[in-house]
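Chain by chain, the residues:
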Amino acid sequence: MRRQFIAFSILSLVAVGITYYLYWPPILWSLIVILPLILQGIYDLFQHKHTLRRNFPVLGVGRYLMEDLRPKIYQYFIESETDGTPINRMFRSIVYQRAKGALSTNPFGTKINVYQTGYEWANHSIMALNHEDLDPHPRTLVGGPDCKQPYSASIFNISAMSFGALSKNAILALNGGASKGGFAHNTGEGSISSYHLKYGGDLIWQIGTGHFGCRNEDGSFNGEKFREKALLNNVKMIEIKLSQGAKPGHGGILPAEKNTPEIAEIRGVEPYTRVDSPPTHKEFTNVEEMMFFIQKLRDLSDGKPIGFKLCVGNKLEFTDICIAMQNTGIKPDFITVDGGEGGTGAAPLEFSNSIGMPLRDGLAFVHDALQGYDLRKDIKLFASGKILTGFHMFRLFALGADACYSARGMMLSLGCIQALECHSNNCPTGIATQKNHLIKGLDVEDKINRTAKFHSETVKSFVEFMGATGVNSTHKIKRHHVYRRVSQDKIKTYAEIYPQVKIGEFV
Ligand SMILES: Cc1cc2nc3c(=O)[nH]c(=O)nc-3n(C[C@H](O)[C@H](O)[C@H](O)COP(=O)(O)O)c2cc1C
Ligand code: SF4
C-alpha cells in the first residue's frame, strides 16, 4: 500500500501538471482535494505510532475514524430500547421526557422480557391508594442525637460531582435546579465554588481524600478552612468520601486539561497538572480514629449532620466501623452507599468493571449491619447507583434506604447524550468540559428548569408507584414488596434473597 500511495501521489501531481500545461487552469481546483490527501499520506508514512497508518497511508486513517464514529452510529441507528450502556435508551428517554415535562407514558406495553432471569417488579395491592392522599414530596430528617442542625432532605438528590469534572454552567444549572425543586446538591470532592452558591440551593459538602477546599499545602486537613465553609448557610450536611463505586480504593482523578487556573485555585493545587487524590484519608488510620474525625467535623461545623460515603468492600471492615461506633459512642448522622455500577468522570477500567460491591447487595448489607448492632435508628441511609425511575427508588427503600442520589440521571436532565467523552474535556453538551466554546452552549436557565422537572416528575412517579402497592410511606416499603425472577421457574422476594437481621442481633 505504501508503494501504491507513492505512485498515486506522483501520478496525480503529474496529471494535474500536464493538464495545467495544456491550458486548462481549472484543474488546479482539484488540488484542494489531492494535496491534503498527499500531505496526510506523507505524515502517515513518517509517523511511528500507528503501524496501520504507516502500512496503509490515508486509508488507515479511515479505521480510526470509524472507531470514533462506531458508538455514535450504534447509538443513533442500531441500538434498541433496552440496549445501550451504561444507561440504556429506555431510561435515557424517560429522563429526557421527564426533564422536558413531555408526555412520559408508554404505548402498547412493556419492552422488557418479564420471563428473563433477573427481571424485578413489585406487586400492587387491591387497596391501592389515591394519589391525592399521599405526601407528594416525602422527606427524611437527617441528624442523630448529637446533631444540632438536623436537615430535612428530599428523598431524591443530586449525587456528588465536582466543579472540575463538570463545567461551571453545569454546576450553576444543577444548583439552580436544587434550589427551585427543594432538594440537595452534593458538591463532589472538588470543594465549593461561587457557582455552587449563586442560586442558593442546599449543599451537601463532600470532603474527599484530597481535602480540597480545606487543605494545607501538603494536602493535610485544615480545620480553620473547613469551619469557614462548613458554617455557610447553604451547607446543610457534610459527607466524608471514603470511596465511590466506580473506583473504590483509587481516589479521585482530575485530568490535567480540566484543571484550569480557576479550578486549581479553588482546590489549592497547581493548574494544568493531573490531580490524583490519595486512595485513603490521612486524618485517620483506623475506624476509631475515623469516628473521632467525624466528631471533629461535627464540632467545627457547629453540629451540622456529618456522614460518610462508601462503596462496600471488605465486609468485616464495615462491621468494625459499627463496633467503633459502639465503643466511642460517636455515630455519623448518615451513610451514603454507592454501588459498583456507579458513574465517574474518569476511572481505570479495572476499577470501574471489577471492584466494589453492587448497590443492592451493599445497601442491604449496610442496613443489616447497622440494624444488627442496633445503630440504625440514629443513622439515615442514602443510596446511589443508576437510580433513574420511581421503581429504582422503591426497591432501594425496600432494602433500607431513606433517600436516594442520582448523578448520571441529573446529567441526562442537563442534556447529556452519553457521548462518553467526560474524561477527555471534549463533552459536546458543555456538561463535562472546561472548554469555553462548549460550555457556552449550555443554557443555564433552561437546564435549571429541566433538572427541577426531572426531580419532581421522578418523585411523583415514585409516590404513585408506592401508592399502587398500598403503602403510604417510604418506611413501610419492605423487602417482601419486591420480587426477582431468579430462574425460568423460580421467583424470590427481596426478603428471601436478603434475609432481614433483627434489631440488636449482633450486640
Ligand atoms: C462526572 C461524575 C463525577 C463524579 N464525581 C464524584 C465525586 O467527586 N465524588 C464522589 O463521591 N462521587 C463522584 N461521582 C459518583 C457519583 O456521585 C455517584 O456516586 C455515582 O455516579 C452513582 O450514581 P449514578 O449511577 O446516578 O451516576 C461522580 C460521577 C460522575 C458521573
Ligand atoms: S455528553 Fe458525553 S461527555 Fe458529556 S457528560 Fe454526557 S457522557 Fe459525558
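All figures in this text were calculated on a predicted structure; none of them were measured in a lab.

(A) Spotlight on the site of ligand 2. In the neighbourhood of ligand 2, the contacting residues comprise Met411, Cys416, Ile417, Gln418, Ala419, Leu420, Glu421, Cys422, Cys427, Thr429 and Ala432. The residue inventory of the shell around ligand 2, partitioned by class, reads eight nonpolar, two polar and one charged.

(B) The packing of aromatic side chains, seen in detail. One pass over the full model with this rule turns up 16 aromatic pairs. Here Phe221 and Phe293 contribute two aromatic rings whose centre-to-centre distance is 5.2 Å and whose plane-to-plane angle is 80°, an arrangement assigned as edge-to-face. With Phe221 in the loop between strand S6 (202-207) and helix H8 (223-230) and Phe293 in helix H10 (residues 287-300), this pair connects stretches of sequence that are 72 residues apart. By relative accessible area, Phe293 is classed as buried at 3%. Aromatic side chains Phe391 and Phe465 sit 5.5 Å apart centroid to centroid with 45° between the ring planes, which places their arrangement in the tilted category. Of this pair, Phe391 sits in helix H14 (residues 390-399) while Phe465 sits in helix H17 (residues 444-468); the two residues are 74 residues apart in sequence, bridging distant segments of the chain. The class for Phe391 is buried, based on a relative accessible area of 16%. Three or more aromatic residues link up through ring pairs in this structure, and these residues are Trp205, Phe221, Phe226, Phe284 and Phe293.

(C) Summary view of the nonpolar core. Core analysis: the largest hydrophobic core is formed by 100 residues, its most contacted members being Phe318, Ile335 and Leu370. Not counting chain neighbours up to four residues away, the residues in contact with Ile335 comprise Phe308, Leu310, Phe318, Met325, Leu370, Ile379, Lys380, Leu381 and Phe382. Formed by ten residues, the second largest nonpolar core is a distinct cluster that contains Tyr151, Ala153, Phe334 and Ala403.

(D) Highlighting the sheet that holds strand S14 (residues 482-487). Spatially, the three strands line up as an open sheet ordered S1-S14-S15, and their pairing is antiparallel. Each edge of the sheet is formed by a strand with only one pairing partner; in this case those strands are strand S1 (120-122) and strand S15 (490-493). Neighbour-to-neighbour, the strand axes of the sheet open up by a mean angle of 30°, direction not taken into account. Note: S14 against S15, four bridges, orientation antiparallel. Bridged to Arg484 within S15 is Lys492.

(E) Quick peek at the side chain of Asn234. Tracing the backbone shows Asn234 in the loop between H8 and strand S7 (235-241). For Asn234, the residues in contact, after removing those within four places along its chain, are His196, Leu197, Gly200, Gly201, Asp202 and Leu203.

(F) Just a nonpolar patch on the surface, in detail. A surface patch of nonpolar side chains, about 840 Å² in accessible area, is lined by Leu65, Met66, Leu69, Ile73, Tyr74, Tyr76, Phe77 and Ile78. The topology assignment puts Phe77 in helix H4 (residues 59-78). Judged by its relative accessible area of 70%, Phe77 is exposed.

(G) Region of interest: the site of ligand 1. Taken together, the neighbourhood of ligand 1 is formed by 22 residues, with Ser159, Ala160, Gly343, Lys386 and Arg408 sitting nearest. Here the residues of the shell around ligand 1 sort into four nonpolar, twelve polar and six charged.

(H) Representation of the layout of surface pockets in the model. Its volume calculated, the second largest pocket comes out at about 1400 Å³. Lining the second largest pocket we find 40 residues, and of these Met90, Phe91, Ile112, Phe391 and His392 sit closest to its centre.

(I) View of the pattern of salt bridges. A complete count under the given rule lists 19 salt bridges for this structure. Measuring nitrogen to oxygen at the nearest pair gives 3.0 Å for the salt bridge that ties Asp44 to Arg53. We note that Asp44, like Arg53, is buried. The closest approach of N and O atoms between Arg298 and Asp146, which form a salt bridge, is 4.0 Å. You can see Arg298 sitting in helix H10 and its partner Asp146 sitting in the loop between strand S2 (139-142) and strand S3 (151-154), a full 152 residues away along the chain.

(J) Focus on the environment of Arg227. Inspection of the secondary structure puts Arg227 in helix H8. Distance in space between the C-alpha atoms of Arg227 and Asp302 is 8.6 Å, their sequence separation being 75 residues. Setting aside its immediate chain neighbours within four residues, Arg227 contacts Asp299, Leu300 and Asp302.

(K) View of helix H6 (residues 168-181). A rise of 1.5 Å per residue sets the reference length of H6, with its 14 residues, at 20 Å; its end C-alpha atoms lie 20 Å apart and thus fit the reference within 8%. Burial analysis of H6 places ten of its 14 residues in the buried class, the great majority of the element. If you check which residues of H6 are buried, you get Asn169, Ala170, Ile171, Leu172, Ala173, Leu174, Asn175, Gly176, Gly177 and Ala178.

Thresholds, definitions, all that
Residues numbered from 1 in each chain as written. Chains lettered and ligands numbered in written order. Predicted model: local features only at pLDDT ≥ 70, side-chain atom pairs only at ≥ 80, totals over all residues. Heavy atoms only, no water. Near = heavy atom within 4 Å. Nonpolar A, V, L, I, M, F, W, Y, C, P; charged D, E, K, R; others polar. Phe/Tyr/Trp six-rings, centres within 6.5 Å; stacked < 30°, edge-to-face > 60°. Helix = DSSP H or I, 4+ residues; strand = E, 2+ residues; numbered from the N terminus. Buried < 20%, exposed > 50% of the residue type's maximum accessible area, 1.4 Å probe, protein only. Core = buried A, V, L, I, M, F, W, Y, C linked by side-chain atoms within 4.5 Å. Contact = heavy atoms within 4.5 Å. Pairing = 2+ DSSP bridges. Axes fitted to C-alpha atoms, helices over the stretch in contact; angles between N-to-C directions. Patch = residues over 30% accessible without salt bridge, like charges linked within 9 Å, V, L, I, M, F, W, Y side chains within 5 Å. Areas by Shrake-Rupley, 256 points an atom, 1.4 Å probe, with all protein chains shown as cover. Salt bridge = Lys/Arg side-chain N within 4 Å of Asp/Glu carboxyl O. 1 Å grid on protein atoms, 1.4 Å probe; cavity = no way out; pocket = protein on both sides within 12 Å on 5 of 7 lines; lining within 4 Å. Points joined across faces, edges and corners; volume = space filled by probe spheres on them. Expected span 1.5 Å × (residues − 1).

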